[in-house]
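Analysis of the macromolecular model
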Amino acid sequence: MTAAQCGVVFQGSVTSHLNSDSSLHKSIFKSKKISYTDKPWMSFSPLELKTKKTPRYQSVISMSSPQAVGSAKVSVSPLHLEDAKEPPLNTYKPKEPYTATIVSVERVVGPKAPGETCHIVIDHGGNVPYWEGQSYGVIPPGENPKKPGAPHNVRLYSIASTRYGDSFDGKTASLCVRRAVYYDPETGKEDPSKNGVCSNFLCDSKPGDKVKITGPSGKIMLLPEENPKATHIMIATGTGVAPYRGYLRRMFMESIPKPKFTGLAWLFLGVANKDALLYDEEFRKYLEDNPGNFRYDIALSREEKNRNGGKMYVQDKIEEYSDEVFKLLDEGAHIYFCGLKGMMPGIQDTLKRVAEGRGEKWEDKLSKLKKNKQWHVEVY
């Protein structure tokens, strides 16, 4: 079972530029809950949500993502989190989970986004350490309807922060969760009895609430750091962007006792529309401060068309840069995929078509990428 960020709406298109329309920033709103504005290394660019909020959203208003001021990096601790040679794995298991505490729950998408996605900060007290690219399991409260008397099954979520967390003290982890809501196809009305149990529990949580977590788990999406000059091509749909947020904060925001990252990080993110973009302001800040080391391309399926006149999905955006992508892979670049499993067939078909157009056999190329540990996939 892989990370399950509970439902993602598929991608679209638009190449990200520094001077792009300011409407791209309207998914970043001012939080009226927990904030870290007392920290000198954080700044905010809040925009008030002007549309009427439904009762569900009144307690989960929006993302105020910590930002490093200018290009200065943020100090982190405790640095002994860098000492381990192997990643922590399954420190806490489903039969004996760790009881953590919700710090904050913030809506991170705009009013026109299909569905609700929340950024959730969880305090684990430093007792459930993890590495970038790993997942936590969450056990929602209540009884498993299929197993009376037993707890719910574990749901896995990719961690959206570095090992130091959003407060940079090694005591928190962040999750990016889309609320899974079911609508009756006949009536068009929401049927709460069929809504996602865990995603709704997390999105409805309030500061101070307790949450049972397991893990951390996963080694497929760990960030290889042996070569600070390496190229990392990251492809995501929706909440699949979670692990990449951790990678990029580690590369560009945090001051860690490792050689400075001087390679290339290239993020392709697919969502439905501009309001559905996740962590966009944070990524654009990296683009502004590190133009030679970071590239950011987005695909907005409901707002843009591909070269054939169809919806622009993330694989279409990749195809636009296929020559560069294949050249980088030939030079040893790592490529990562995270999001709904439905994204992979389209991406694989595109890569196969591009490979054949270059006179290459995709099956052989894919086999080589896997053998060289350049190919990283986590879909759900």
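Residues numbered from 1 in each chain as written. Predicted model: local features only at pLDDT ≥ 70, side-chain atom pairs only at ≥ 80, totals over all residues. Heavy atoms only, no water.

Per an unreviewed UniProt entry, the protein chain is named Ferredoxin--NADP reductase, chloroplastic, and its organism is Lactuca virosa. As stated in UniProt under Catalytic activity (unreviewed entry), the record for the protein chain gives "2 reduced [2Fe-2S]-[ferredoxin] + NADP(+) + H(+) = 2 oxidized [2Fe-2S]-[ferredoxin] + NADPH". (UniProt positions renumbered as here; feature names shortened; annotations may be inferred.)

Quick notes on the nonpolar core
Val 241, Tyr 244, Leu 248, Leu 267, Phe 283, Phe 294 and Tyr 296 are the most contacted members of the largest nonpolar core, which totals 43 residues. Mapped onto this core, the elements with two or more residues apiece are strand S9 (231-237), helix H2 (242-253), strand S11 (264-271), helix H3 (280-289), strand S12 (294-300) and strand S13 (334-339). In terms of residues, this core owes the most to one element, H2, which gives seven residues. Residues Phe 337, Met 344, Ile 347 and Leu 366 belong to the second largest nonpolar core, which totals 26 residues. (Core = buried A, V, L, I, M, F, W, Y, C linked by side-chain atoms within 4.5 Å. Buried < 20%, exposed > 50% of the residue type's maximum accessible area, 1.4 Å probe, protein only. Helix = DSSP H or I, 4+ residues; strand = E, 2+ residues; numbered from the N terminus.)

A look at the packing of aromatic side chains
How two aromatic rings sit relative to each other is set out by the distance from centre to centre and by the angle between their planes. One pass over the structure, following the stated rule, counts 18 aromatic pairs. Where Tyr 244 meets Tyr 336, the ring centres are 6.4 Å apart and the plane angle is 65°; that geometry is what we call edge-to-face. Residue Tyr 244 is found in helix H2, and its partner Tyr 336 is found in strand S13; the two are separated by 92 residues along the sequence. The burial state of Tyr 244 is the same as that of Tyr 336; both residues are buried. An angle of 75° between the planes, with centres 5.8 Å apart, marks the rings of Phe 252 and Phe 261 as edge-to-face. Taken individually, Phe 252 and Phe 261 each receive the classification buried, so the pair is uniform in this respect. One aromatic cluster is present, formed by Phe 252, Phe 261, Tyr 279, Phe 283, Tyr 286, Phe 294 and Tyr 296 through successive ring pairs. Here the basic side chain of Arg 295 rests over the ring of Trp 266, its NZ or CZ set 3.8 Å away from the ring centre. (Phe/Tyr/Trp six-rings, centres within 6.5 Å; stacked < 30°, edge-to-face > 60°. Lys NZ or Arg CZ within 6 Å of the ring centre and 35° of its normal.)

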